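# A closer look at the structure
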Amino acid sequence: KNRTTMDPVDVRLVRAAQQYQGIVSGGTTASTSSSQSAQSQTGDLRNIMSEIEEENEFLELIDQRVSRGGEVAELVRAILMGSSIFNTVDLARRFDVIKFVTIKLKDSQIVGRAAQEAVGVLLPELERLSQTQVREIIDVILEIIQEPSSDLNYTSTQTSQSFLSSENKVLDLLPKAIDAYCNTPNDAKAKTDLIAQICAMEWSASIVVPLCTLCRDIHMAPPDLLRIVHKIIATMPSLSVPELPPLIYQLLLLSTKDHKATILSGILIHFNSLEIKLGRATDGDSAADLEQLRNVEGTVILHVYMATRQDQDMGNQFLKVLQSSPDVTCFSVGVLLGLAKVQRHEAKVHDILTNIFKDSYKSLTTHPHTHWLREIHGKPSEVTKNKAVLDAARQASLGWDHIAEPALRVAIALMDTATGAKKVTEVNEQVGHLGLDIMAEVFLGQDEARDKVLEEIYTRAITRASNIHLYIALLARLSRQCLHLVASAVGKIKEIFDCIPYLTPALTKLVVQAVAPMVGAPGPLQDHILLVLKKALFARDEAARVSAVAGQVELLAALAARGDAASMGMCVELLGSLRRCFSQQPAVRAYLYTALPDLVKVHPSVTELVCDIIQPQLLRYYDSNEAHSPPLLLDRCIDKGGASGAVRLMEPVHMLVSCAHSCVASAVAHAAAHSTSLTSSCNTLKNLMDTLTRRLSEADLEDFELEKTSEFTGSAASAGVYNGVVAVLLFGCYEASIQYLSLGDSISRQAAEILIRLFEKYIELSGLVSSQKPKGKEKGKGKAKAGSSDKKGKATGDGDDDDDGGKGKGKAAAKKAGALDKAASEASEFSSCPSPYTHRPWFALRRVRALVGAITGIGADGAPTDTYVRDMFRERPETVHFILEVAANQLSQLSQAATKKSASPMVDHGPLGASPLELREECSMLGPLLLAEFTREGENAMEDEDKDEHVAKKANKPRHLLALEGFEHALRYMCNMDLHKGDDAAVLQFLARADPIEDAPAPHKGQGMVSVKQVSMHIKRFEAIVTGLLDAGAMEEVNVVTDIIDAMVGVMRWYASRDPSLAKHIDPHVKFWANLCATRTVPNLPLAKKFVHLTLQLSRDSPHGVEIEFQLAKYINEFIGPVNNDDAVDADLHDDVCSKFKMLTRLNEPPIMEVLVGSLCMAIDDAGSLITTMKKEFEMRKAREKSKGKDENKDDDDDNEDEDHEHVIMFNHIRYKEALFMHLEQLAEVADVLCKTRLVAKQGELTVKMLKSLFEALNTVTKLCISEQISPPIAKFSSLVECSGLLLASAYNYLTVITGDEVDAERKGGKGYVAQTKRESKLMPDLVFAMETYVSSLIKYGKRCKTDLTRHFKKSTNRDLRLQFEHLERARQAEESSEEEEDEEMQDNDGDGEDEGDKKKGKKRANTTKAKGKPGKKR
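This structure is a prediction, so every number in the text was calculated from the model and none was measured.

### Topic: helix 51 (residues 1085-1101)
Note on helix geometry: an α-helix contains 3.6 residues per turn, so any two residues three or four positions apart are oriented the same way. Across its 17 residues, helix 51 extends 25 Å between first and last C-alpha, which sits within 8% of the 24 Å expected from 1.5 Å per residue. Where burial is concerned, most of helix 51 is hidden: 12 out of the 17 residues are buried. All buried positions along helix 51 are accounted for by Leu1087, Ala1088, Phe1091, Val1092, Leu1094, Thr1095, Leu1096, Gln1097, Leu1098, Ser1099, Arg1100 and Asp1101.

### Quick notes on the environment of Glu1023
Secondary-structure assignment places Glu1023 in helix 48 (residues 1008-1032). Taking relative accessible area as the criterion, Glu1023 reaches 5% and is therefore assigned buried. Discounting chain neighbours no more than four positions away, the residues touching Glu1023 are Ile1045, His1069, Phe1072 and Trp1073. Only 3.0 Å separates the side chain of Glu1023 from the side chain of His1069, close enough to count as a polar contact.

### A look at the side chain of Thr508
Of note, Thr508 is situated in helix 28 (residues 505-515). Each residue touching Thr508, except ones within four places of it in the same chain, is listed here: Ile500, Leu503, Ser547 and Gly551.

### Overview of the packing of helix 17 (residues 312-324) against helix 18 (residues 330-340)
Helices that pack against each other are described as a pair by the angle of their axes relative to one another and the distance between those axes. Two elements in contact, helix 17 and helix 18, have axes whose closest approach is 11 Å; the angle formed by their N-to-C orientations is 145°. Both helix 17 and helix 18 take part in a crossing whose hand is left-handed. Taking contact as the criterion, the partners of Gly315, Phe318, Leu319 and Leu322 in helix 17 are, on helix 18, Ser332, Val335, Leu336 and Leu339. In the contact of helix 17 with helix 18, the residues fall into 6 nonpolar, 2 polar and no charged.

### As for a positive patch on the surface
On the surface, Lys1175, Lys1263, Lys1340 and Arg1344 cluster together into a patch of positive charge. If you trace the backbone, Lys1263 turns up in helix 56 (residues 1242-1268).

### Describing the confidence of the model for the chain
For any part of a model where pLDDT is low, the fine detail of the predicted coordinates should not be relied upon. On average, residues of the chain carry a pLDDT of 74, and 71% of them reach 70 or more. Predicted confidence in the chain is weakest over helix 42 (residues 905-908), with a mean pLDDT of 34, and strongest over helix 33 (residues 607-619), with 91. The low-confidence segment residues 902-913, where pLDDT is below 50, has 33 contacts with residues more than four positions distant or belonging to other chains. Here residues 1126-1131 is modelled with pLDDT under 50, and outside its nearest four sequence neighbours on either side it reaches 6 contacts, counting other chains as well.

Procedures and definitions
Residues numbered from 1 in each chain as written. Predicted model: local features only at pLDDT ≥ 70, side-chain atom pairs only at ≥ 80, totals over all residues. Heavy atoms only, no water. Helix = DSSP H or I, 4+ residues; strand = E, 2+ residues; numbered from the N terminus. Expected span 1.5 Å × (residues − 1). Buried < 20%, exposed > 50% of the residue type's maximum accessible area, 1.4 Å probe, protein only. Contact = heavy atoms within 4.5 Å. Polar contact = N/O pair within 3.5 Å; in protein donor to acceptor, adjacent residues only side chain to side chain. Axes fitted to C-alpha atoms, helices over the stretch in contact; angles between N-to-C directions. Left-handed = near helix turned anticlockwise from the far one by under 90°. Nonpolar A, V, L, I, M, F, W, Y, C, P; charged D, E, K, R; others polar. Patch = residues over 30% accessible without salt bridge, like charges linked within 9 Å, V, L, I, M, F, W, Y side chains within 5 Å. Areas by Shrake-Rupley, 256 points an atom, 1.4 Å probe, with all protein chains shown as cover. Salt bridge = Lys/Arg side-chain N within 4 Å of Asp/Glu carboxyl O. Lys, Arg positive; Asp, Glu negative; His and termini not counted. Charge placed at Lys NZ, Arg CZ, Asp CG, Glu CD. pLDDT = per-residue confidence, 0-100.

This is the structure we're talking about:
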């Protein structure tokens, strides 16, 4: 007892409180003894408290215990238990204790478990305080929000965050305090003001996360919650990167209450801005910061995935935010891939990513069409969205493991989308290759994904999917980049290779190339590959055998590239296996003959081995007795069928001869390059081919048993089929021999003599086949088109179309020939009987260049060749014409293939194929030779060909025109191949070589100003040629030269797209062509249309804008007449217009009008693209302003950087609007002139469509101004509105005239006029809707600005249920006149006539009744 009385007061208070609490908690049953004990303990507690005289001593007791680190909570509980809630003094003591403890918690003097227990004691007591007292407690708690971390003695922001969240518990009182402060519905305004006060404070970085955590426990109205959300998002930039994951986690939990879209948008914008900021950083610490950011982003993506998996609505909101976001970064792509793990969101994510990448590639491939748009946009930017997705896929191996599987599925979707479209475009191909890149990154980084990738490759191979080439390319890349990883899955590689018999030869080559790096020393994989290829070589299916040959040849090339002894031993074994193919089907041998020359050309080490197997095969069909003629035993190559009489091709000897020639040529070229002699096998084969070539040139066509009087087609057992097969074989042999003799850069005299004889034989055979061709069009064949090719790379199509086809005998012959061709196409390519009518000559481009050089007398290096050889060719015009025609056709194929961005059939196939680099080199040398041939002897070139009557009768085009067309195709090929890759030096060198200019600077890559001047000088040279040809009346030559100028203008446009300031050099050419159209009258309709089109195109590319379009529209208006005037145009005015613009004639007016309207439509499309850019930038600015909030805690550097960025965006936006308003105003002026013109036929329909697009663009611009709240309207917009008002009046007048024309169409006569007015009437509602919508938007905008923008507008006509009184009166008069005519006719007739008239009228009434009773068609 003495010890107890000696304890301090606080200890005794605590003990008494504990005893009281034990009695209360233990006395669960209301007994008298427990009640008495509780009362006695309460009395003891109050007696102890009564010993304290001053109220401040209670606070001192608490302070002393805090300083000693004792149990504060027990003491506070004891004091509160001893203080009554009914006594004023006790209530004041309770408030002082609660406030004092709160201050101690705020100052972090009570921490740890003591703080947690103290908060637990204070929370129930807050409800017993008055509203004023609670407000004071809240003010104490809020003081911690504005205290910086330095005041709390923290060493870093991260440590302050952890200390505050784990030790300081004062914020745990805030939710309960706010609820106690606003505990009635009438206190909602007080809660709103309190939250506004909290948001107005400057939050320290260490308080953001704890405060965000507590906001979930505070009951708030949606507006108050939105204010808190904006404040938290605004303070995110003040946090360091490692502090973001817990904040994002709390924000995601907070979003379950409301405002998901705002929270998710803020998170996305913040991380996107961090990535963009680090991407612009150039210091050395940026790499470490980026790595830290990636780690944090991975954690955040995982938080987002877990949240969206539980909340479906959150996932949908996130998808909407990501889809509308203008920025695509690694983080946003990672979030999308994380959402793809949720099954309900997977398809939507795939669609979003596919559309994003398609749009990005479209924006890169489609450059602005006009100068003003290029000047606004500046230089084109590179696509960064594909880099973002590749970075995300690369992060799968660096911490983002949870997105590896979704990335793999997205890659598969992208690859399937690329080939699943109806039309495979360049954009789709780029999207497919992007999927390939993603899959490769996932394969490199994830062990679990490797088996899935190989399984996908196997699945596509076994099913022969349309995108199998992408998966094979993926396998090849993986074999090159990570051979050890691919080689570890040998079993799966074997399964993929087992699909070889089911693939095409081209795909088989790709598969073998893909696995070639793994075929090294003898092992299980190499043995399996050899076994599969040998088994497929003897498969029952012929296609499988061809694929096996392709695979063995490709494997042979891979082994020959190694060059070691083991590999060469395998080469000998493979060639022995290929030797057995000579006894198989003709199709198998034909493919082998095609593949071996490519092998020898790339790998000369196997030349001798190949010659050893070719020579015996050739000797089987070669007559070694030189006294005999012909040298080839064609009876062994063709099976006449015996008793059945069916003719079949047994040996493609023309391919065998071509193969032998190519192998010998490669061996000779290799020996000359290395100064070595030919081996014995190669030398023997060379002597054999020399003899064969000479004997072929000496043999007559009669020696081959050709029946010149019979056709070359017929039934399967007729002699005509035999003639056709022989002709095809001879064509191939002649072509192979010609290429063999034109091997070098120059042709010797002896070779020239043999060449000329071969050309004569070839031309004679071609003429014989043409003379025996059945009349009429053959089924499935039309006029030969450049670029079409058969499987061998030869041009197909029939170049001659008879005029009497389709009638009489021509129709029967065409039906017969079509049936034969259909039957032949059903069989395989080489076992069937090919038709000689579809054969077109094909030569390697290098051989063509050598032949053209022999004709022009110019060698490869520009030095003159042997004049004797040149004169020999010149003496034979048919040979020269044939060579030039072949050159033009070959270059046409190359040009079209380059335009389609695809490989030419001559590039990858054929025994004399070449790489793209070799083709470009040969084309750059062949083009100047053809231009030299065109300019040979100046104007005498055309006169020489006019003197040659024989050539003029047989040839469709003269020689100089063929040479000019060849040069045009060569120029377009160079432009498409080099400019597409950004290399302009090769094009400039080509032009300098073709058309040398004195004192011209040497072309260098990247010198835009010098290069544009050089191209402009070349264009001026050709413009002078156009003027001279127009004076001479050579319209065909003018047409080709115009195409050449158009290609050169494309080069200048390419420079202007990269530097808009260079567009000023196009201005002189605009003046030239505008003057040409004004001073020249061209009777050729397509040529006149081409002139006007080129003029308008140059005008769009130059700073002129639509000035020329406006002048042309005025000329057309004066030429045709106004829309509301039915009278003819005044003759004097007509003559005045013709003198101003001579190109405009009655014949040329319709196509010129179509070109003009088409040019205006392109200009409107350019305006639409700029409007889209403005809308995106407005959305970006709006999102930035929304996320910026009221944050004032950011660094000055960040503020300045953001302000500079905002100034740039605003400046660009204002510049966009001013340029757009001026451009639309010019378009409206041109359209106004066209609306006042009486247009006929298709012109009116095109004009209505153009007007609809223009008014839609005007409406979009007006809505954009409404969204931006621009008040008052800027001056240029007011000018645009005024001009559009005039256009509206003209358009309504034009529509009224069209409506009247539709009623009067039958009266005016002309079925075409009726059809035209009906088409226009269908477009009228859309145009009227577009105009009225535009006026409605103007009225709405005018109300916002308090300005009447439509005060000068003509009121629109009400077209709903409007009675056309004029038309009704006209119809009534027409009906009355017809009745009067009937009455007069009835009065003039006699009785019989009256009876007959009654019958007619009765029949007419019956027909009318029947027509009325006939049910109408269903709509």
